[in-house]
Amino acid sequence: MSKNVYLPYAATSEKAHIKSMVQYRKMHNKSLESTEQFWSEIASQFHWETPYDINNFYSYNFDVTKGPVQVKWMEGATTNVCYNLLDKNVRNGMGDKVAFYWEGNDPEDYSKITYKKLLEEVCRFSNVLKSKGVVKGDRVAIYMPMVFEIVIAMLSCARIGAVHSIVFAGFSSDSLAERMADCKCKVLVTADSVYRGDKLLNIKSLCDIAMDKAKNFGHEVSTCIVVRHLPRLYRSMNTSNGTNGSNSDIIDLHSDVPILNITLNDNLTFSVPWTDGRDYWWHDEMDDVEPSCYPVWVSAEDPLFMLYTSGSTGKPKGVLHTTGGYLLYAATTFKYVFDYHPGDIYWCTADIGWITGHSYVVYGPLANGATSVIFEGTPFYPDNGRYWSVIEKYKVTQFYTAPTAIRALMKFGEEPVKKHNVDSLKVLGSVGEPINPEAWLWYYQNIGKERCSIADTFWQTETGGHVITPLPGCTPMKPGSASFPFFGVKPILLDESGKEIEGVGEGYLVFNKPWPGIMRTLFGNHERFQSVYFSKFPGYYCTGDGARRDEDGYFWVTGRVDDMLNVSGHLMSTAEVESVLTEHPDVSEAAVVSRPHPIKGECLYCFVTPNHGVTFTPKLSSELVKKVRESIGPFAMPDVIQHAPGLPKTRSGKIMRRVLRKVAVNDREVGDISTLADEHIVEELFKNRPEKS
Ligand code: WT7
């Protein structure tokens with residue numbers, strides 16, 4: 001074994017589900033060699049209304065040349081995910097167990113909800129959805145802050161067989177409109193507003209704009225249900241004097257507070273735009289329905305949810321996950337990757353609007369009957385110690401966050417951490433991008449006190465759950481390596497010609513066999529599903545990432561091999577940003593590349609060629625930054641807009657992006673540029689860099 005290996009803490013190993021690499025290998029082999037047996041033992045812990053057939057447990061085709069690509073697990077069996085997450089746990093005596101602690105943006109604002117109460121609220125909201133005409137298979141869009149109601153809305157969809165399509169509430173109205181029109185949602189569930197740090201965001205008015213824009217795409221949302229979140233916050237702001245906040249046991253979800261024009265204080269009135277006949281207050285609707293609702297039994301291969309992820313051609317892809325396989329996979333990865341044991345308090349900081357929030361705030365934890373924290377705020381409010389104070393407050397045992405957050409918090413040194421007791425921690429997770437060894441070590445030493453295992457989890461929206469990850473208490477860790485495959489997963493590295501690389505080497509990261517949680521299709525576009533993921537190497541699912549296998553067999557994910565960028569763990573395509581830039585009337589052409597960034601991991605560096613006769617000015621530059629921010633979302637804000645009198649193109653017209661990446665970092669070793677139509681442009685671009693370094 002090479003140097004720089006961190007062995008798991010012995011006391012954790014003793015109690016871990018998987019105690020050694022020998023045990024891991026045994027189970028991993030079984031998962032690949034006796035796949036049916038391995039997963040059916042797990043499936044047997046869940047309720048199936050119609051049982052699965054062990055002799056027809058799963059089937060797949062990954063080879064486009066042999067027919068349509070398809071993946072099926074436990075087809076023919078019926079179940080209900082919501083029933084397995086809530087009713088089953090309540091029936092097993094866990095009704096009074098806390099499912100979620102809620103920690104608001106304001107530290108004075110907190111609450112909790114038990115499994116029993118969650119089930120009751122879900123039943124009510126299921127009845128609300130039914131009263132609005134939602135039936136099995138219908139799509140319901142959700143655009144919400146991190147409040148209990150987002151979980152309630154998701155699980156209500158699952159309960160009645162509707163398909164939720166959550167759009168992260170940091171996306172612009174354009175992005176929301178495009179996604180709602182693509183999935184043709186009947187209903188949109190949202191909230192009046194939310195505080196992010198000290199900023200108040202009126203998300204209902206953003207939804208109104210989006211619903212209008214969706215009409216331009218030919219889709220009309222018939223119902224919009226709005227959670228009244230702001231008065232709740234306002235009440236706590238008003239009453240919190242340090243002794244008495246809104247910290248009641250359960251937030252009263254049906255309380256009566258005046259609506260519409262809400263006067264927050266003497267000089268601020270907050271109004272919620274309203275369309276009668278389309279818009280309904282959540283609490284009004286919830287008061288009128290029964291607190292019980294029989295679950296709809298759905299087939300294991302019926303859709304559970306869809307979630308959009310960026311595509312390299314610009315148009316977002318509606319990744320579709322189904323019922324049975326996703327449930328097994330979210331549940332199993334949660335249990336082993338976080339080494340979850342009853343009594344643990346788990347906290348994943350991801351927003352529910354991303355796949356991490358779906359699998360590891362909602363589905364995985366609830367499937368295990370876990371208690372988790374849902375956090376509405378940011379790591380920096382009211383101060384930079386907020387994460388550590390939340391860990392201390394709830395005695396969090398497993399903490400799951402992103403490298404970009406770790407790097408941002410590292411900047412403030414150890415002092416904010418030292419003010420809090422974080423000794424409850426046992427497992428630290430990382431997700432979203434490769435974690436650089438420096439951030440890994442800081443996390444390991446200062447947060448984990450060299451006692452915690454770090455799970456650097458590699459996966460994608462498409463994979464449904466972790467696919468390459470260390471297991472706490474088991475895997476010797478190498479900072480920056482996601483290490484070994486999860487059960488049921490066999491990573492393969494291919495060279496450019498599609499030949500499998502054995503042993504040490506680097507290549508395309510692909511898989512030739514499905515695990516239960518892999519996506520089944522892109523919503524409404526199976527052709528695109530096949531062409532994006534399965535056409536480059538027939539027989540293999542292509543992740544779009546490159547990876548290296550070292551001399552000890554560890555996998556190191558090296559990053560995207562396609563035109564995708566990963567900014568603070570948010571995946572986006574160069575094409576989508578370029579198309580926004582070129583929409584500006586003064587812009588003729590644009591090319592976007594990623595540049596390494598100390599906190600965000602990567603940032604957007606944009607080259608812009610103005611129209612003939614237009615001068616490139618700081619005003620144009622700031623208009624473009626604003627335009628990208630408004631069209632996609634704040635997380636997509638470019639760091640640099642550079643004037644490009646021309647772009648480096650080959651004679652066939654293809655932009656040579658590697659040259660632009662060199663310009664972005666001011667590295668003059670540009671390599672061979674002899675195929676460029678005009679080599680001089682490269683020098684021009686270096687001269688035009690807006691920065692000195
Ligand atoms: C892409 C998927 C999976 C949930 C969050 C992002 C990158 C993610 C890691 C990791 C190296 C990682 C990959 C992947 N990525 N986790 N631990 N090490 N790279 O989901 O938006 O679908 O993005 O994020 O490039 O393909 P996503």
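What counts and how
Residues numbered from 1 in each chain as written. Predicted model: local features only at pLDDT ≥ 70, side-chain atom pairs only at ≥ 80, totals over all residues. Heavy atoms only, no water. Helix = DSSP H or I, 4+ residues; strand = E, 2+ residues; numbered from the N terminus. Rg over C-alpha atoms; globule rule 2.2 N^0.38 Å. Buried < 20%, exposed > 50% of the residue type's maximum accessible area, 1.4 Å probe, protein only. Lys, Arg positive; Asp, Glu negative; His and termini not counted. Charge placed at Lys NZ, Arg CZ, Asp CG, Glu CD. Near = heavy atom within 4 Å. Polar contact = N/O pair within 3.5 Å; in protein donor to acceptor, adjacent residues only side chain to side chain. Areas by Shrake-Rupley, 256 points an atom, 1.4 Å probe, with all protein chains shown as cover. Nonpolar A, V, L, I, M, F, W, Y, C, P; charged D, E, K, R; others polar. Core = buried A, V, L, I, M, F, W, Y, C linked by side-chain atoms within 4.5 Å. Contact = heavy atoms within 4.5 Å. pLDDT = per-residue confidence, 0-100. Pairing = 2+ DSSP bridges. Axes fitted to C-alpha atoms, helices over the stretch in contact; angles between N-to-C directions. Parallel < 35°, antiparallel > 145°, perpendicular 65-115°, else oblique. Phe/Tyr/Trp six-rings, centres within 6.5 Å; stacked < 30°, edge-to-face > 60°. Salt bridge = Lys/Arg side-chain N within 4 Å of Asp/Glu carboxyl O. Disulfide = S-S within 2.5 Å. Expected span 1.5 Å × (residues − 1). Arc of directions from axis to C-beta.

1. Brief notes about the overall build of the protein chain
Here is step 1: Scanning the protein chain from terminus to terminus reveals 21 helices and 32 strands.
Here is step 2: Relative to the 2.2 N^0.38 estimate, which gives 26 Å for 693 residues, the radius of gyration of the protein chain is 25 Å and therefore close to what a compact globule would have.
Here is step 3: Dimensions of the protein chain, computed from C-alpha atoms along their principal axes, come out at roughly 70 × 65 × 55 Å.
Here is step 4: Every one of the 693 residues in the protein chain was classed for burial, and the buried ones make up 61%.
Here is step 5: Measuring between centres, the 72 positive side-chain charges of the protein chain sit 2 Å from its 82 negative side-chain charges.

2. Focus: the site of the ligand
Here is step 1: If you check the shell around the ligand, you find 18 residues, and the closest are D456, T457, T461, D545 and R560.
Here is step 2: The backbone of P434 places a nitrogen or oxygen atom 3.5 Å from a nitrogen atom of the ligand.
Here is step 3: T457 has a polar backbone atom sitting 2.8 Å from a nitrogen atom of the ligand.
Here is step 4: Contact with the protein chains hides 95% of the accessible area of the ligand, taken as 550 Å² for the molecule alone.
Here is step 5: Considering only residue class, the shell around the ligand consists of 7 nonpolar, 6 polar and 5 charged.

3. Let's talk about the nonpolar core
Here is step 1: Grouped together as the largest cluster of nonpolar side chains are 169 residues, with contacts concentrated most on L155 and Y363.
Here is step 2: Tallying contributions element by element places helix 6 (residues 148-160) first for this core, with 10 residues.
Here is step 3: Each residue touching Y363, except ones within four places of it in the same chain, is listed here: V81, L85, M154, L155, A158, H164, L304, F305, Y326, A330 and H358.

4. Here we look at helix 18 (residues 574-583)
Here is step 1: A large share of helix 18 lies buried, amounting to 7 of its 10 residues.
Here is step 2: Among all positions of helix 18, only T574, A575, E576, V577, E578, V580 and L581 are buried.

5. What to know about the confidence of the model for the protein chain
Here is step 1: Confidence in the prediction for the protein chain averages 92 pLDDT; 94% of positions are at 70 or higher.
Here is step 2: The model gives residues 238-263 a pLDDT under 50, and that stretch makes 58 contacts with residues more than four places away or in other chains.
Here is step 3: Interface confidence for the predicted complex, given as ipTM, is 0.99, next to a pTM of 0.91.

6. Some points on the sheet that holds strand 22 (residues 453-457)
Here is step 1: Pairing in this open sheet of 7 strands is mixed, and the strands run 5-4-19-18-20-21-22 from one edge to the other. Looking at the sheet topology across the chains shown, the edges are occupied by strand 5 (110-114) and strand 22. The average angle at which neighbouring strand axes cross in this sheet is 20 degrees, direction not considered.
Here is step 2: The pairing of strand 21 (residues 427-431) with strand 22 spans 5 bridges and is parallel. Looking at the pairing, L428 lines up with I454 of strand 22.

7. Quick look at the packing of helix 14 (residues 403-410) against helix 16 (residues 437-447)
Here is step 1: Two elements in contact, helix 14 and helix 16, have axes whose closest approach is 10 Å; the angle formed by their N-to-C orientations is 75 degrees. Comparing the axis directions of helix 14 and helix 16 gives the class roughly perpendicular. Contact residues: helix 14 offers I406, R407, L409 and M410, while helix 16 offers E438, A439, W442 and Y443.
Here is step 2: Partitioned by chemical class, the residues of the contact of helix 14 with helix 16 number 6 nonpolar, no polar and 2 charged.

8. Overview of the pairing of strand 20 (residues 398-401)
Across a regular strand the side chains alternate sides, sitting on one face of the sheet and then on the other.
Here is step 1: Side chains Q398 and Y400 of strand 20 all project onto a buried face; the interleaved residues F399 and T401 project onto the opposite face, where all are buried too.
Here is step 2: Bridge count for strand 18 (residues 345-348) against strand 20 is 3 bridges, and the pairing is parallel. Note that in strand 20 the partner of C348 across the bridge is Y400.
Here is step 3: Alignment of strand 20 against strand 21, held across 4 bridges, turns out to be parallel. Bridging from a neighbouring strand, T401 pairs with S430 of strand 21.

9. Concerning unusual backbone geometry
Here is step 1: Following Y381, the chain continues into P382 via a peptide bond in cis, with omega recorded as -5 degrees.
Here is step 2: Here the phi dihedral of S568 falls at roughly 50 degrees; this positive angle occurs in a residue that is not glycine.
Here is step 3: For S568, the location among the structural elements is in the loop between strand 28 (564-567) and strand 29 (570-573).
Here is step 4: Exposure remark for S568: the relative accessible area of 22% places this residue in the partly exposed category.

10. Points about the packing of aromatic side chains
Here is step 1: Taken as a whole and assessed by the stated rule, the structure comprises 59 aromatic pairs.
Here is step 2: With 5.2 Å between their ring centres and 90 degrees between their planes, F171 and F635 make a pair best called edge-to-face. Taken together, the positions of F171 in the loop between strand 7 (163-166) and helix 7 (173-183) and F635 in the loop between helix 19 (618-631) and strand 32 (640-643) put the pair 464 residues apart, joining distant regions of the chain. For the residue pair F171 and F635, the accessibility class agrees, reading buried in each case.
Here is step 3: Relative to W297, the ring of Y294 lies with its centre 6.3 Å away and its plane at 85 degrees, an arrangement referred to as edge-to-face.
Here is step 4: Note on Y294: relative accessible area 61%, which makes it exposed.
Here is step 5: You can call W297 partly exposed: its relative accessible area is 22%.

11. Examining the pattern of salt bridges
Here is step 1: Within this structure, the stated rule accounts for 42 salt bridges.
Here is step 2: In this structure, the salt-bridge partner of K30 is E41, at a minimum N-O distance of 3.1 Å. Taken together, the positions of K30 in helix 2 (residues 21-33) and E41 in helix 3 (residues 35-43) put the pair 11 residues apart, joining distant regions of the chain.
Here is step 3: A relative accessible area of 38% places E41 in the partly exposed class.
Here is step 4: The partner of K626 in a salt bridge is E630, with the nearest N and O atoms 3.7 Å apart. Of the two residues, K626 and E630 are both situated in helix 19; the distance of 4 residues between them amounts to about one turn of the helix.
Here is step 5: The class of E630 is partly exposed, set by a relative accessible area of 49%.
Here is step 6: Salt bridges here are not isolated pairs; linked through shared partners, they connect K204, D208, R278 and D279.

12. Comments concerning the sheet that holds strand 14 (residues 279-281)
Here is step 1: Taken in spatial order, the 8 strands of this open sheet run 14-11-8-6-7-16-17-25, and their pairing is mixed. Sheet topology places strand 14 and strand 25 (521-522) at the edges, where each strand pairs with a single neighbour.
Here is step 2: Direction of pairing for strand 17 (residues 317-322) relative to strand 25: antiparallel, over a ladder of 2 bridges. Opposite L320, over in strand 25, you have T521 as the bridge partner.

13. Some thoughts on the state of the cysteines
Linking two cysteines covalently through their sulfur atoms gives a disulfide.
Here is step 1: Counted according to the given criterion, the structure contains 0 disulfides.
Here is step 2: Of all cysteine sulfurs, the one in C183 lies closest to C185, which takes part in no disulfide; the gap is 4.6 Å.

14. Here's the deal with helix 8 (residues 203-216)
Here is step 1: Taking 1.5 Å as the rise per residue, helix 8 with 14 residues should run 20 Å; its terminal C-alpha atoms sit 20 Å apart, in good agreement.
Here is step 2: What helix 8 keeps buried is the set I203, K204, C207, D208, A210, M211 and A214. Down the axis of helix 8, the buried set is contained in an arc of 165 degrees. They therefore lie on one face.
Here is step 3: Regarding helix 8, its N-cap is N202, as a side-chain oxygen of that residue lies 3.4 Å from the backbone nitrogen of K204 further along.
Here is step 4: Positive backbone phi, at 85 degrees, marks G218, one or two positions downstream of helix 8.

15. With respect to the pairing of strand 27 (residues 555-560)
Here is step 1: Judged from the 5 bridges that link them, strand 26 (residues 541-549) and strand 27 form a sheet pairing that is antiparallel. Paired with G546 across the bridge in strand 27 is G559.
Here is step 2: Connecting strand 26 to the next strand, strand 27, in antiparallel fashion are 5 residues, including G553 with a positive phi near 85 degrees.

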